[in-house]
Amino acid sequence: MITLEMMPPLMFGGLVLSMLIGFPVAFTLASIGLLFGFLSIHLGFFDLNFLQAIPGRVFGSVLSNELLLAIPFFTFMGAILERCGLAEDMLDSMGQLFGPIRGGLGYSVIIVGFILGAITGTVAAQVIAMAMISMPVMIRYGYNIRYITGVLAASGTITQLVPPSLVLIVLADQLGKSVGDMYLGAWGPSVFQILLFAGYTFLLSIFKPSHVPAVPKTALTLTGWPLWRKCLMGIIPSAVLIFVVLGTMMMGLATPTEAGAMGAVGAIVLAAIHSKDFSTTGRKIMIAGVIAAGIGTMVGIFFSEGIIFKAAFAVTYFAVVWICLEAVRIPELRGLIKQGYETTMRITTMVVFILIGSTCFSVVFLGVSGGVWLEHMLTTLPGGVWGFLIFINLFIFFLAFFLDFFEIAFIILPMIAPIAQKILAPVVGPDAALIWFGVMLCVNMQTSFLHPPFGFALFYLRGVAPREVKSSDIYWGAMPWIGLQLIMVALVIAFPITVTALLDKPSNVDPNKIRIDIPQIDLAPLDFGEPPKFQK
């Protein structure tokens, strides 16, 4: 006889077994949830009316969730930017800028990976693009092949942590926290991780200089101002787009969905101005739009938002529309936009189906007291808070060998989020607890793209690497970078301030001690005498 206490571990075990077989995750979640749901009805743990919560949550919390609407916008933005030529220009200019120093090409890959991560939010094509551009150059100048594969894969996966990462949006939704706060919390670890990557390259340049040699100055095609101009032409438009997407969101000027929509339009504009077929008229209109935007911003800051402010931004809007029409006119960009739509449709559909499946599973899991079972198991771990964090991070690390980050976020996170809130609140406060926890898991889940045998970034590299690059070199090359990512996880656990430093400080006001004094107003005394009589 199956008891209520046996149902949660049976559900969890059935889920793991089904996914190891290779059945699609979304349908595995739904089928396991419904199977155990009908079994629970048969055993009398709850009745059929309980399952009515599933369609209610699907239509109420998934399909009408405005926050999840940001996912297709950011996906489309990344799909456009990763193929528009921006990566090629930035890698070429940065490579020539840093190339003459030891490890210079490695530094350029790390920096460009960080910048591209802040404007694309996707991993796959970023790893592929950087590998296709930088790998032949690094091989030509004698870089160690394992360092090459490792730095290319790791610099692509930083995209998972740098805002506007899709992972952070999903984590914010599943944890019930603000996307803006999740982005603010992620900036510290993402910058520290870049420093770790650069520090590892610097140590190699000292102790094993033959692994990261300098590029001869005679091999440089650009020097002086032309080189700096090419660097700035890649960095400045990217910085503007980063501000449009992230700055407006963090300043409270736009919601995540609105910022994503602006980012999608901005990606088309950026792709158009990078195209060799962009017309001279379009460039003049673009310059006029930039000047008008600057004038409108200054007027809005120092003066009232009058007719000059409106006229300036009307010119800017006209310039944006014109550039978008130019993008549609250019055949290459028209095909790029079509590919972006197709990629967005596939990823969004996958996310929605996983969400529907996870809803079926989580409703039944909670209905058979799975939350109580999980809380009891995690709160009785030795070591208190730190034991809980070490166990969860080890569990997520090994789970990432087999599951994608979307699957981990939708399956595991809703189960452990309430427990994490309860356990971590005394350490960093109730407001920052889940932000700290979410960013920590995001750093951890980066490793899912790197560790063998199922690291997707390694598959992407294998697909574009020359034949002389062995698969063993790709796998072994990733190992030091996985270690650096795990060091970053340990730093986030040991020093929560790396996440909480930019968050709003919690209020120290005790609401029980608040007193509101209302001043007394002297009113004329009321007259309760007989009302006056009026003559007819």
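This text goes with the structure placed above it.
Attention here is on the structure that accompanies the text. As a convention, each chain's residues are numbered from 1 in the sequence order in which they are written. Reporting in this predicted model follows two pLDDT cut-offs: at least 70 for local features of residues, and 80 or more for side-chain atom pairs to be given and counted; totals over whole chains, interfaces and linings ignore these cut-offs and use all residues. Where side-chain values are given, they derive from all heavy atoms of the structure, hydrogens and water being excluded.

Let's talk about the overall build of the protein
(1) Moving on: Only DSSP runs of H or I covering at least 4 residues are called helices, and only runs of E covering at least 2 are called strands; the numbering of each starts at the N terminus. The secondary structure content of the protein amounts to 23 helices and zero strands.
(2) Moving on: When accessible area is computed with a 1.4 Å probe and restricted to protein chains, residues below 20% of their type maximum are described as buried, those above 50% as exposed, and intermediate ones as partly exposed. Evaluated residue by residue, the protein yields a buried proportion of 51% over its 536 residues.
(3) Moving on: By the convention used here, residues are in contact when the closest approach between their heavy atoms is within 4.5 Å. Pairs at least 24 apart in sequence give 77% of the contacts found in the protein among residues at least 6 apart.

A closer look at the pattern of salt bridges
A side chain of one charge can pair with a side chain of the opposite charge when the charged atoms of the two come close.
(1) Moving on: We define a salt bridge as a side-chain nitrogen of Lys or Arg found within 4 Å of a carboxyl oxygen belonging to Asp or Glu. Scanning all chains against the criterion turns up four salt bridges.
(2) Moving on: Arg 146 is paired through a salt bridge with Asp 473; the nearest N and O atoms lie 3.2 Å apart. Taken as a pair, Arg 146 in helix 8 (residues 145–157) and Asp 473 in helix 22 (residues 471–494) lie far apart in primary sequence, 327 residues in all.
(3) Moving on: Here Asp 473 falls in the buried class, since its relative accessible area comes to 12%.
(4) Moving on: Arg 329 is paired through a salt bridge with Glu 326; the nearest N and O atoms lie 3.2 Å apart. Taken together, the positions of Arg 329 and Glu 326, both in helix 14 (residues 307–329) and three residues apart, correspond to about one turn of that helix.
(5) Moving on: A relative accessible area of 46% places Arg 329 in the partly exposed class.

Thoughts on the packing of aromatic side chains
(1) Moving on: Two aromatic rings, drawn from Phe, Tyr or Trp (for Trp, its six-membered ring), form a pair once their centres lie within 6.5 Å of each other, and the interplanar angle then sorts them: stacked below 30 degrees, edge-to-face above 60, tilted otherwise. For the coordinates displayed, the defined rule picks out 13 aromatic pairs.
(2) Moving on: Ring geometry for Phe 27 against Phe 353: centres 6.2 Å apart, planes inclined by 50°, an arrangement best described as tilted. A residue pair is termed long-range when its members are at least 10 positions apart, and Phe 27 in helix 2 (residues 25–43) and Phe 353 in helix 15 (residues 331–367) qualify at 326 residues.
(3) Moving on: By relative accessible area, which is 44% here, Phe 353 ends up partly exposed.
(4) Moving on: Residues Phe 318 and Trp 322 carry aromatic rings whose centres are separated by 6.1 Å and whose planes lie at 45° to one another, so their mutual orientation is tilted.

Notes on the nonpolar core
(1) Moving on: By size, the foremost hydrophobic cluster in this structure holds 161 residues, and its most contacted members are Phe 388, Leu 424 and Phe 437.
(2) Moving on: Beyond its immediate chain neighbours, meaning those up to four positions away, Phe 388 contacts Leu 378, Leu 381, Ile 419, Ala 420, Ile 423, Leu 424 and Phe 437. The term nonpolar core refers to a set of buried residues drawn from Ala, Val, Leu, Ile, Met, Phe, Trp, Tyr and Cys, joined through side-chain atoms within 4.5 Å.

Details of a nonpolar patch on the surface
(1) Moving on: Surface patches are drawn from residues lacking salt bridges whose relative accessible area is over 30%; two like charges belong together within 9 Å, two nonpolar side chains (Val, Leu, Ile, Met, Phe, Trp, Tyr) within 5 Å. Computed with a 1.4 Å probe, the accessible areas rest on the Shrake-Rupley method; for each residue, only the protein chains presented here act as cover. Together, Trp 225, Trp 228, Leu 232, Ile 236 and Val 240 give the surface a local cluster of nonpolar side chains, amounting to about 540 Å² of exposed area.
(2) Moving on: The residue Trp 225 is located in helix 11 (residues 224–250) in this model.
(3) Moving on: The exposure class assigned to Trp 225 is exposed, which follows from its relative accessible area of 57%.

Quick look at the packing of helix 10 (residues 179–207) against helix 22
(1) Moving on: The N-to-C vectors of helix 10 and helix 22 enclose an angle of 140°; their axes lie 10 Å apart at closest approach. On the basis of their axis angle, the class for helix 10 and helix 22 is oblique. In terms of crossing hand, the pair formed by helix 10 and helix 22 is right-handed. Residue-level inspection shows Pro 189, Phe 192, Gln 193, Leu 196, Phe 197, Tyr 200 and Thr 201 of helix 10 in contact with helix 22, the latter providing Pro 480, Trp 481, Leu 484, Gln 485, Ile 487, Met 488, Leu 491 and Val 492.
(2) Moving on: Residues were grouped as follows: Ala, Val, Leu, Ile, Met, Phe, Trp, Tyr, Cys and Pro as nonpolar; Asp, Glu, Lys and Arg as charged; and all remaining residues, including Gly, as polar. Residues of the contact of helix 10 with helix 22, tallied by class, amount to 12 nonpolar, three polar and no charged. Angles here are taken between N-to-C directions and fall from 0 to 180 degrees, while the axes themselves are lines fitted to C-alpha atoms, restricted in helices to the stretch in contact. Put simply, angles under 35 degrees are roughly parallel, angles over 145 are roughly antiparallel, angles from 65 to 115 are roughly perpendicular, and the rest are oblique. Whether a crossing is left-handed or right-handed is set by the direction in which the near helix is turned from the far one by less than a right angle, anticlockwise for left-handed and clockwise for right-handed.

Considering helix 9 (residues 166–175)
(1) Moving on: In terms of burial, helix 9 is a largely internal element, 10 of the 10 residues being buried.
(2) Moving on: Residues of helix 9 that are buried sit in contact with helix 4 (70–81), helix 10, helix 15, helix 18 (405–411), helix 19 (413–428) and helix 20 (433–445).
(3) Moving on: Gly 176 sits one or two residues past helix 9 and shows a positive phi near 70°.

Quick word on the environment of Gly 199
(1) Moving on: As for its placement among the helices and strands, Gly 199 is situated in helix 10.
(2) Moving on: By relative accessible area, which is 27% here, Gly 199 ends up partly exposed.
(3) Moving on: Measuring from C-alpha to C-alpha, the distance between Gly 199 and Tyr 107 comes to 9.7 Å, with 92 residues separating the pair along the chain.

Here we look at helix 11
(1) Moving on: To estimate the expected span of a helix, count its residues, drop one, and scale the result by 1.5 Å. With 27 residues, helix 11 extends 36 Å from end C-alpha to end C-alpha; this agrees with the ideal 39 Å at 1.5 Å per step.
(2) Moving on: Within helix 11 the residues assigned to the buried category are Leu 227, Cys 231, Gly 234, Pro 237, Ser 238, Leu 241, Ile 242, Val 245, Leu 246, Gly 247, Thr 248 and Met 249.
(3) Moving on: Where helix 11 terminates, the next one or two residues include Gly 252, which has phi positive at roughly 80°.

A short note on the packing of helix 2 against helix 15
(1) Moving on: Where helix 2 contacts helix 15, the axes come no closer than 7 Å and their chain directions differ by 25°. Taken together, the axes of helix 2 and helix 15 lie roughly parallel to each other. As for how helix 2 packs across helix 15, the hand of that crossing is left-handed. In this structure, helix 2 uses Ala 26, Phe 27, Leu 29, Ala 30, Ile 32, Gly 33, Phe 36 and Gly 37 to contact helix 15, whose residues at the interface are Phe 353, Ile 354, Gly 357, Ser 358, Cys 360, Phe 361 and Val 364.
(2) Moving on: Looking at the contact of helix 2 with helix 15, its residues break down into 11 nonpolar, four polar and no charged.

Some details on the environment of Thr 343
(1) Moving on: Taking relative accessible area as the criterion, Thr 343 reaches 14% and is therefore assigned buried.
(2) Moving on: For the pair Thr 343 and Ile 80, spaced 263 residues apart in sequence, the C-alpha separation works out to 9.8 Å.
(3) Moving on: Among all residues touching Thr 343, those that are not within four sequence positions of it are Thr 75, Ala 79 and Arg 83.

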